[in-house]
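Each chain, written out:
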Amino acid sequence: MVNGISSLTVWQEVALLIRLRWRIQRNQLRQKNAKLELVGLIVTGLFFFFFVGVIAFAFYEGAATMTRDNRMSWLALLFWGVLLFWQVFSVFFASLTTVFDFRTLLRFPLHLGAYFVMNVAYGLADPIAMAAVTFLLAIVAGVASVRPELLPAAFAVLLLFAFVNILIERCIGFWIEKLLSKRRTREITFVLMILGMISLQFVVPLFADKSKQILPWLPRVLPFLNGLPPGLAGRALAYAGSADFAACAGNFVALLAWAAPFAGLLWLRLGAQYRGELLLESEARAPAQRTATKTPAKPSALVPGEIAAIIQKELCYLKRNGIAWMNLLLPLLLVLLFTMQSFTQRHHGQIEALSRSSGWFFFGAVGYVLLLVLAPSYNAFAFEGRGLQVFFTAPVRFRSVILAKNLLLLLLIAVEVAAVLVLLHVRGLWPGPQQFVTTLAAMGYIIPAQLTIANWASIAYPRKLEFGSMRNQRASGMTVLVVLGTYITLGLSSFVVILAGKWSGNPWVSAGVFLLLAAAATSGYVASLDPLSSFAEKKREVLLDALCK
Amino acid sequence: MAEPAILTDKLTRRFGNLTAVDAIDLRVEPGQFFGFLGPNGAGKSTTIKMLTGLLAPTSGRMQILGLDFATRPLEVKRQVGVVPEGMGLFERLTGAEYLNFVGRMYGLDRATAAQRAAELLDFMQLADRPRTLIADYSHGMQKKLALAAAVIHRPRVLYLDEPFEGVDAIAAGALKELLARMTENGVTIFLTSHVLEIVERLCSHVAVIHRGRLVAQGSLEELRAGIAAPEGSTTTLEQIFLSLVGGDPTARPSLEELSWLTESPR
């Protein structure tokens, strides 16, 4: 100890970080809106636990049956299920999880070891990881319920398999984050993903057609999969079941060996962060040029200057938000996918059934467009950061800000719906006049109704989000509840209106009812703008506090 | 006589039991370069937030250029430029995009906004990185951009919170000259800074806030007159400031408690 200072061990540092994380979590409850946020989280958490519970029971039953039927080698299939769930869902739901960024602690004299341990351990503090571990526990319980003597071996396999999965997930997460941090690589990744998804749509029908030729090859491929972590975990347990402990240990060691390359890659990544890697959003410095600034594209002269300025700014933000682009392209891809499936169905002599349902294809596609395009509007100020202050210091009423953001969404929806129509036309699935009018009338109801609620939620429960970041991108718990409530209400009411049209025997009844609802929703939307503007003025402290820090 | 540029009447802001700003009466005349000083947590930022519309007062009134803020907020905001706390930048825009946006928000037409944006970027020496996002600007560059945005609409009252912090000496010199020219043309500048030398050099009038209350307000000469200077020298602003708030034992902590830090290591 020198001058009252002693160097901490890695584990002392880890203990300090755990205490720090706990205090941050506890103190967050003291923030404004925190209690409501907690309620929202609890309610959404309950839904999640129900979903996890149901699947865990299936894993339990599966493991118990395989053990009882003396087919323990099949347990590998369950481990494959867990691995795919853990790795795939972790990437898809990364934005919804809350993760503490340990990089902020790198200014302290922290060992790389402690930094590594904390980042790995934090892999378990993720809802997807928790669910996956629950599934693994269910497998262990299933095996032990039939053969209790296998509990220690099953538990050891669980621990090791979970450890390997955490390393894989962390590795994928951190490398993807690095990949997505630069605009250029993000764009390339994005294009590759889109191409991958499109290719998949071609592969599925191809597989369906050629399945008879492909299936006999599968048994020849499967032994190669035995060397992968799920195969090794399943085989370790199967050998333990047949009391072949040497083979069990061999598979166990082989599974442990899988940890090494992923731990190494993760160490490299975290080491780069530890040494002060800086991931910049934009391209390298441009060559010096002292030219006048480029005048932005001319916006519509139909809207006032400040609204045009906000739309222009929103377009700039949209241009730089890959996730938003993905949201815009997904509905079109989905339409492409379903129209391809329907194309295949036609060739299988199901034309009559298809023609009955294809009329509502447009309705469904538009519903999906609205679902994806309007979802961000429930936390509309998420990406403003400190810039939000401009909306309060500039001489504009907040209704202009709301209106500009809503107008841009309307524009995007119009473009998306037009693209959907073009796709349907190309595929020969153009909707009939009744379905076309009903869908447009339903849009007139759903869009203003959603926007009114979304505008209110954006002001009442704001949550800061960041570009290019994979984690900590979850909306407020209350927002999630509001979104769920709105979707259920609007979905059910639309369903009732469609059914009313069918029951009445007059297909135009639905369109008529939707038009009435659209008139009411639009009036409500227009009437809400001024109160929402005043509400934003009153809530400006909460907004600035939540989004500017 | 012209209306005061800034006039507050018993302006108060409470946060629960804490009174951050306690019934302050500020009066700033047009064309004044006004320094607003106070120790950390004294209420400076809260006052500026209220004066710029970022925070609603609990009670009291504010008039900017004779316009009541509560009843005519938009007209007031049109006359005002501000560099808010944290600079208030949209970090995913380029400098030019941001200045164009702010210009348009203040009602400038497209061509004027673009022309002024280009000129300001040139003046602030930011024009050579047209494709760089604000997020990737250095702190000093962000500060210069925030200043440019605050003046793009030619405000009559300008609020500056630590305007020179992080700005290089060359740019700071040019900025000081610009601000001085603006005050000569009747623009009122309301500046907060912890660097008292800057305030002393630039400001003609000063107010000091301590624990939410105004403890002094007037021209530098008026404030100097109230403090006895050491023989043969002029009272500095630092001496004035310390005499106003430094007498408070909670305002200036004792070094004795930190003997482990101030004594030479054994």
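Before reading on, note that the structure itself is shown above.
First, a word on scope: everything that follows refers to the structure included in this document. Residue positions are counted from 1 within each chain, in the order its sequence is given. The naming scheme follows written order: chains are lettered A onward, ligands numbered 1 onward. Reporting of local features is limited, given that this is a predicted model, to residues whose pLDDT is at least 70; pairs of side-chain atoms are given and counted only at 80 or more, and all residues count toward the totals for whole chains, interfaces and linings. Values shown for side chains rest on all heavy atoms present in the structure; no hydrogens or waters enter the calculation.

Section: the overall build of chain B
Then, in step 1: Elements are defined by DSSP. Helices are runs of H or I of four residues or more, strands are runs of E of two residues or more, and each kind is numbered from the N terminus. Helix and strand content of chain B: 10 helices and 11 strands.
Then, in step 2: A 1.4 Å probe rolled over the protein chains alone gives each residue an accessible area, and that area as a share of the maximum for its type sets the label: buried under 20%, exposed over 50%, partly exposed in between. Here chain B, with 266 residues, has 54% of them falling under the buried criterion.
Then, in step 3: The contact rule is simple, with two residues in contact once any of their heavy atoms fall within 4.5 Å. Taking contacts inside chain B between residues at least 6 apart in sequence as the whole, the part at least 24 apart equals 67%.
Then, in step 4: When the accessible surface of chain B is totalled, it reaches about 12,100 Å², and 50% of it is carbon and sulfur. Only the protein chains shown count as cover for residues, and the accessible areas themselves come from Shrake-Rupley with a 1.4 Å probe.

Side note on the pairing of strand β4 (residues 33–37) of chain B
Residues and elements named next belong to chain B.
Then, in step 1: With five of five residues buried, β4 is to be regarded as a mostly interior element.
Then, in step 2: Going residue by residue along β4, you find Phe33, Gly35 and Leu37 tucked away on one face and Phe34 and Phe36 tucked away on the opposite face as well.
Then, in step 3: The pairing criterion is simple: DSSP has to find at least two bridges between the two strands. Note that β4 and strand β9 (residues 188–192) share four bridges and pair parallel. Note on β9: the bridge partner recorded for phenylalanine 34 is phenylalanine 190.

Notes on the nonpolar core
Then, in step 1: In terms of nonpolar packing, the biggest core is built from 122 residues, with Leu388 and Phe391 of chain A together with Tyr98, Leu99, Phe101, Leu145 and Val206 of chain B touching the most fellow members.
Then, in step 2: Sorting elements by how many residues they give to this core places helix α16 (residues 398–427) of chain A first, with 12 residues.
Then, in step 3: Leu83, Met118, Ala162 and Cys248 of chain A belong to the second-largest nonpolar core, a separate cluster that totals 60 residues. The nonpolar core is taken to be a set of buried Ala, Val, Leu, Ile, Met, Phe, Trp, Tyr and Cys residues, with the residues joined through side-chain atoms within 4.5 Å.

Looking at the environment of arginine 14 of chain B
Residue and element names in this part refer to chain B.
Then, in step 1: By the secondary structure assignment, arginine 14 is in strand β1 (residues 6–15).
Then, in step 2: Arginine 14 sits in the partly exposed class, given a relative accessible area of 41%.
Then, in step 3: Between the alpha carbons of arginine 14 and threonine 58 there is a distance of 6.2 Å; along the sequence they are 44 residues apart.
Then, in step 4: In contact with arginine 14, other than residues within four places in its own chain, are Thr19 and Thr58.

Brief notes about the pattern of salt bridges
Then, in step 1: One side-chain nitrogen of Lys or Arg within 4 Å of one carboxyl oxygen of Asp or Glu is enough to make a salt bridge. In the structure shown here, the tally under the stated rule is 20 salt bridges over all chains.
Then, in step 2: The partner of arginine 181 of chain B in a salt bridge is glutamate 177 of chain B, with the nearest N and O atoms 3.5 Å apart. With arginine 181 of chain B and glutamate 177 of chain B both in helix α6 (residues 169–184) and four residues apart, this pair spans about one turn of that helix.
Then, in step 3: A network of salt bridges, in which partner residues are shared, links Lys313, Glu314, Glu384 and Lys405 of chain A.

A short note on α16 of chain A
Then, in step 1: To estimate how far a helix should extend, the number of its residues minus one is multiplied by 1.5 Å. Relative to the 44 Å expected for 30 residues at 1.5 Å per residue, α16 of chain A spans 44 Å between its end C-alpha atoms, a close match to the ideal helical length.
Then, in step 2: Once α16 of chain A ends, the next one or two residues include glycine 428 of chain A, with phi positive near 75°.

Some thoughts on the packing of helix α11 (residues 305–319) of chain A against α16 of chain A
Residue and element names in this part refer to chain A.
Then, in step 1: Across the interface, α11 lies against α16 with an axial gap of 9 Å and an inter-helix angle of 55°. The orientation of α11 with respect to α16, classified from their angle, is oblique. At the point where α11 passes α16, the crossing takes the right-handed sense. Facing α11, whose interface residues are Glu306, Ile307, Ile310, Ile311, Lys313, Glu314, Leu315 and Leu318, α16 presents Ser400, Val401, Leu403, Ala404, Lys405, Leu407, Leu408 and Leu412. To obtain an axis, a line is fitted to C-alpha atoms, over the contacting stretch when the element is a helix, and the angle between two such axes runs from 0 to 180 degrees between their N-to-C directions. Roughly parallel means an angle under 35 degrees; roughly antiparallel means over 145; roughly perpendicular covers 65 to 115; every other angle is labelled oblique. Handedness of a helix crossing follows the sense of rotation of the near helix relative to the far helix, less than a right angle counterclockwise being left-handed and clockwise being right-handed.

A few points about the pairing of β1 of chain B
Residues and elements named next belong to chain B.
Then, in step 1: Bridge analysis of β1 against strand β3 (residues 27–28) gives two bridges, and the strand direction is antiparallel. Bridge assignment links isoleucine 6 to a residue of β3, and that residue is valine 28.
Then, in step 2: Note: β1 against strand β5 (residues 59–64), five bridges, orientation antiparallel. Counterpart to aspartate 9 in the pairing with β5 is arginine 61.
Then, in step 3: Taking the residues between adjacent antiparallel strands as the criterion, β1 and strand β2 (residues 18–24) are bridged by two residues, where glycine 16 takes a positive phi near 65°.

Regarding the sheet that holds β4 of chain B
Residue and element names in this part refer to chain B.
Then, in step 1: Taken in spatial order, the six strands make up an open sheet running β7-β8-β9-β4-β10-β11, and their pairing is mixed. Strands at the two margins of the open sheet, each flanked by one partner only, are β7 (80–83) and β11 (213–219). Direction aside, the axes of adjacent strands within the sheet are offset by 15° on average.
Then, in step 2: Contacts from helix α5 (residues 139–151) reach β7 and β8 (157–161), with the element oriented near 170° to β7.

Details of the packing of aromatic side chains
Then, in step 1: Stacked, tilted and edge-to-face are the three classes applied to pairs of Phe, Tyr and Trp rings, where Trp contributes its six-membered ring and a pair requires centres within 6.5 Å; stacked means planes under 30 degrees apart, edge-to-face means over 60, and tilted covers the rest. Using the criterion set out here, one finds 25 aromatic pairs over all chains in the structure.
Then, in step 2: Aromatic pair phenylalanine 48 of chain A and phenylalanine 49 of chain A: ring centres 6.3 Å apart, planes at 65°, arrangement edge-to-face.
Then, in step 3: Assessed through its relative accessible area of 57%, phenylalanine 49 of chain A is described here as exposed.
Then, in step 4: A ring pair is formed by phenylalanine 36 of chain B and phenylalanine 190 of chain B, whose centres lie 5.1 Å apart and whose planes are at 40°; its orientation type is tilted. Taken as a pair, phenylalanine 36 of chain B in strand β4 and phenylalanine 190 of chain B in strand β9 lie far apart in primary sequence, 154 residues in all.
Then, in step 5: In this structure phenylalanine 36 of chain B comes out as buried when scored by relative accessible area, which is 0%.
Then, in step 6: According to the relative accessible area criterion, phenylalanine 190 of chain B is buried, its value standing at 0%.
Then, in step 7: Only Lys NZ and Arg CZ are tested; either one counts as a charge over a ring when it is within 6 Å of the ring centre and within 35 degrees of the ring normal. Cation over ring: arginine 269 of chain A sits above tryptophan 175 of chain A, and NZ or CZ is 5.0 Å from the ring centre.
Then, in step 8: Lysine 176 of chain B extends its terminal NZ or CZ atom over the ring of phenylalanine 164 of chain B, reaching a point 5.2 Å from the ring centre.

A look at the side chain of threonine 12 of chain B
Residue and element names in this part refer to chain B.
Then, in step 1: Inspection of the secondary structure puts threonine 12 in strand β1.
Then, in step 2: Exposure remark for threonine 12: the relative accessible area of 3% places this residue in the buried category.
Then, in step 3: A distance of 3.0 Å separates a polar side-chain atom of threonine 12 from the backbone nitrogen of alanine 23.
Then, in step 4: Once residues lying within four places of it in the same chain are set aside, the contact partners of threonine 12 are Thr19, Val21, Asp22, Ala23, Met50, Pro57, Thr58 and Ser59. Polar contacts here mean pairs of N or O atoms no more than 3.5 Å apart (in protein, one a potential hydrogen donor and the other a potential acceptor; neighbouring residues in sequence count only if both atoms are side-chain atoms).

Points about the environment of threonine 192 of chain B
All names here are of chain B.
Then, in step 1: In this fold, threonine 192 is placed in strand β9.
Then, in step 2: Along the backbone, threonine 192 and lysine 44 are 148 residues apart, and their C-alpha atoms lie at a distance of 7.6 Å.
Then, in step 3: Not counting residues up to four positions away in its chain, the partners in contact with threonine 192 are Phe36, Lys44, Ile48, Leu160, Asp161, Glu162 and Pro163.

With respect to a nonpolar patch on the surface
All names here are of chain A.
Then, in step 1: Taken together, Phe47, Val480, Leu484, Ile488 and Leu492 make up a surface patch of nonpolar side chains, about 450 Å² in accessible area.
Then, in step 2: The element that contributes the greatest number of residues to the nonpolar patch is helix α18 (residues 477–504), accounting for four residues.
Then, in step 3: The residue valine 480 is located in helix α18 in this model.
Then, in step 4: Note on valine 480: relative accessible area 30%, which makes it partly exposed. Patches in this entry comprise residues that are over 30% relatively accessible and not in a salt bridge; like charges within 9 Å are linked, as are nonpolar side chains (Val, Leu, Ile, Met, Phe, Trp, Tyr) within 5 Å.

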